[in-house]
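# Breakdown of the fold
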Amino acid sequence: MGNYSLSALGGGIGLRHAYFREIIEKKPACNWFEIISEDFMDYGGRERESLREIGKHYPIIGHGVCLSIGSTDPLDMEFLHRLKAFLHEIKSPWASDHLCFTMVDHTNLNDLIPLPFTREAVTNCVERLKIIQDTLELPFLIENVTRYVTLSDREMGEAEFLSTILEEADCGLLLDVTNVYLNGQFHGYDPLAFISSLPLKRVGQIHLAGWEPASDGTIIDSHDAPVPDVVWDLFRETIALTGPTSVLIERDKGLPPLSDLLKEATQADQIMHASCKDNKVHAAG
Ligand SMILES: [Fe+2]
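Tallying secondary structure elements over the protein chain gives nine helices and ten strands in all. What you see for the protein chain is a C-alpha radius of gyration of 18 Å, in line with the 19 Å of a compact globule of 285 residues. Taken over the C-alpha atoms alone, the protein chain extends approximately 55 × 45 × 45 Å along its principal axes. Across the 285 residues of the protein chain, 54% fall into the buried class. Roughly 12,500 Å² of accessible area belongs to the protein chain as shown, and the carbon and sulfur atoms make up 52% of that amount. A distance of 7 Å separates the average location of the 24 positive side-chain charges in the protein chain from that of its 43 negative side-chain charges.

Okay, the packing of helix H6 (residues 177-187) against helix H8 (residues 229-242) next. Put simply, H6 and H8 touch, their axes get as near as 10 Å, and they point 115 degrees apart. Classified by the interaxial angle, the pair formed by H6 and H8 is roughly perpendicular. Relative to H8, the crossing made by H6 is right-handed. Across the interface between the two elements, Val177, Thr178 and Tyr181 from H6 touch Val230, Val231, Leu234, Phe235 and Thr238 from H8. Counted by class, the contact of H6 with H8 contains six nonpolar, two polar and no charged residues.

The next point concerns the pairing of strand S10 (residues 246-249). Within a regular strand, side chains alternate between the sheet's two faces. Here S10 shows a buried face lined by Ser246 and Leu248 and a second buried face lined by Val247 and Ile249. As defined by bridge partners, strand S1 (residues 10-14) adjoins S10 across four bridges and the pair is classed as parallel. Counted as the bridge partner of Gly11 is Val247 from S10. As paired strands, strand S9 (residues 203-208) and S10 are joined by three bridges and run parallel to one another. Across the sheet, the residue bridging to His207 is Leu248, located in S10. Assessed by its sense of winding, the connection that carries the chain from S9 through H8 to S10 is right-handed.

This part is about the packing of helix H3 (residues 77-89) against helix H4 (residues 119-136). At their nearest, the axes of H3 and H4 sit 9 Å apart, and the two run at 45 degrees to each other. Between H3 and H4, the crossing angle belongs to the class labelled oblique. By crossing handedness, the relation of H3 to H4 is classed as right-handed. Of H4, the residues touching H3 (which contributes Met77, Leu80, His81, Leu83, Lys84, Leu87 and His88) are Ile131, Ile132, Thr135 and Leu136. Tallied by class, residues from the contact of H3 with H4 come to seven nonpolar, three polar and one charged.

Our focus in this paragraph is a nonpolar patch on the surface. Where nonpolar side chains cluster on the molecular surface, the patch consists of Tyr148, Val149 and Ile220 and spans about 290 Å² of accessible area. By the secondary structure assignment, Tyr148 is in the loop between strand S7 (140-143) and helix H5 (158-169).

Moving on, we come to the pattern of salt bridges. Under the defined criterion, the tally for this structure stands at 15 salt bridges. Among the salt bridges present, the one from Glu137 reaches Lys84, with a minimum N-O distance of 2.6 Å. With Glu137 in the loop between H4 and S7 and Lys84 in helix H3, this pair connects stretches of sequence that are 53 residues apart. Among the salt bridges present, the one from Glu168 reaches Arg119, with a minimum N-O distance of 2.8 Å. Remark: Arg119 occurs in helix H4 and Glu168 occurs in helix H5; sequence separation between them is 49 residues. With relative accessibility at 37%, the residue Arg119 sits in the partly exposed group. Several salt bridges converge on common partners, so that one network encompasses Arg48, Glu49, Arg52 and Glu89.

Conventions adopted
Residues numbered from 1 in each chain as written. Predicted model: local features only at pLDDT ≥ 70, side-chain atom pairs only at ≥ 80, totals over all residues. Heavy atoms only, no water. Helix = DSSP H or I, 4+ residues; strand = E, 2+ residues; numbered from the N terminus. Rg over C-alpha atoms; globule rule 2.2 N^0.38 Å. Buried < 20%, exposed > 50% of the residue type's maximum accessible area, 1.4 Å probe, protein only. Areas by Shrake-Rupley, 256 points an atom, 1.4 Å probe, with all protein chains shown as cover. Lys, Arg positive; Asp, Glu negative; His and termini not counted. Charge placed at Lys NZ, Arg CZ, Asp CG, Glu CD. Axes fitted to C-alpha atoms, helices over the stretch in contact; angles between N-to-C directions. Parallel < 35°, antiparallel > 145°, perpendicular 65-115°, else oblique. Left-handed = near helix turned anticlockwise from the far one by under 90°. Contact = heavy atoms within 4.5 Å. Nonpolar A, V, L, I, M, F, W, Y, C, P; charged D, E, K, R; others polar. Pairing = 2+ DSSP bridges. Right-handed = clockwise from strand over helix to strand, strands pointing away. Patch = residues over 30% accessible without salt bridge, like charges linked within 9 Å, V, L, I, M, F, W, Y side chains within 5 Å. Salt bridge = Lys/Arg side-chain N within 4 Å of Asp/Glu carboxyl O.

Structure (structure tokens):
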């Protein structure tokens with residue numbers, strides 16, 4: 001058992017349609033898969049059947065992009081109940097979504113927009129997270145997002161904002177190590193110091209991803225490249241602090257052969273086991 005009373009599944013990968021056939025036919029060694037819930041929940045047919053087949057052999061965990069946790073639009077309870085039915089159908093042991101907003105005036109912006117770091121935003125997120133957790137009846141994790149700007153009406157730092165919501169909503173943290181690394185680059189802070197200041201006993205899962213810089217050198221969190229060495233290094237230090245958990249290699253574009261992603265998941269496994277063996281692991285804060 002890992003942190004936040006969730007199973008520490010080790011390295012896993014994102015389940016994408018392109019890999020279905022190979023996974024069903026060859027059943028490669030992989031600890032678990034994460035799916036984007038909204039890509040599957042409203043569809044039946046062959047894809048749902050494939051998901052059921054894969055679920056017989058591997059744990060599948062639902063990760064969301066549409067809950068819009070920080071929005072001021074009313075929570076879409078009909079959506080939440082459909083999500084619950086889907087997550088329970090695939091036996092997802094927990095669920096997650098991003099600490100951001102995606103909806104404004106009932107319009108989906110199709111992007112993960114960062115929140116202002118204010119007490120008002122904390123209260124709004126906490127209220128909604130309580131409803132989400134009560135409705136889903138599953139452990140729920142919020143993910144820290146990449147942000148390219150800091151909204152001007154901030155009343156606290158990002159770490160305090162995130163930590164306060166985690167504690168007051170009593171939910172878990174999906175710690176995206178790549179997002180922390182990139183935010184450190186964008187906003188000039190030390191990523192490990194940021195991570196160390198979070199309530200790490202609440203980490204129930206980790207994300208790792210890579211990016212391909214644009215031709216002008218601009219970096220965005222594009223999930224289209226292998227995990228770079230700088231992120232592996234930060235992950236090594238992070239996992240020594242959190243202890244064993246479930247570590248996902250996120251890849252959404254430029255999908256490589258399945259075997260390449262599985263190698264990265266194995267690398268995550270090896271680093272996790274080595275770091276947690278070498279260090280006296282404790283969940284801080
Ligand atoms: Fe992520």
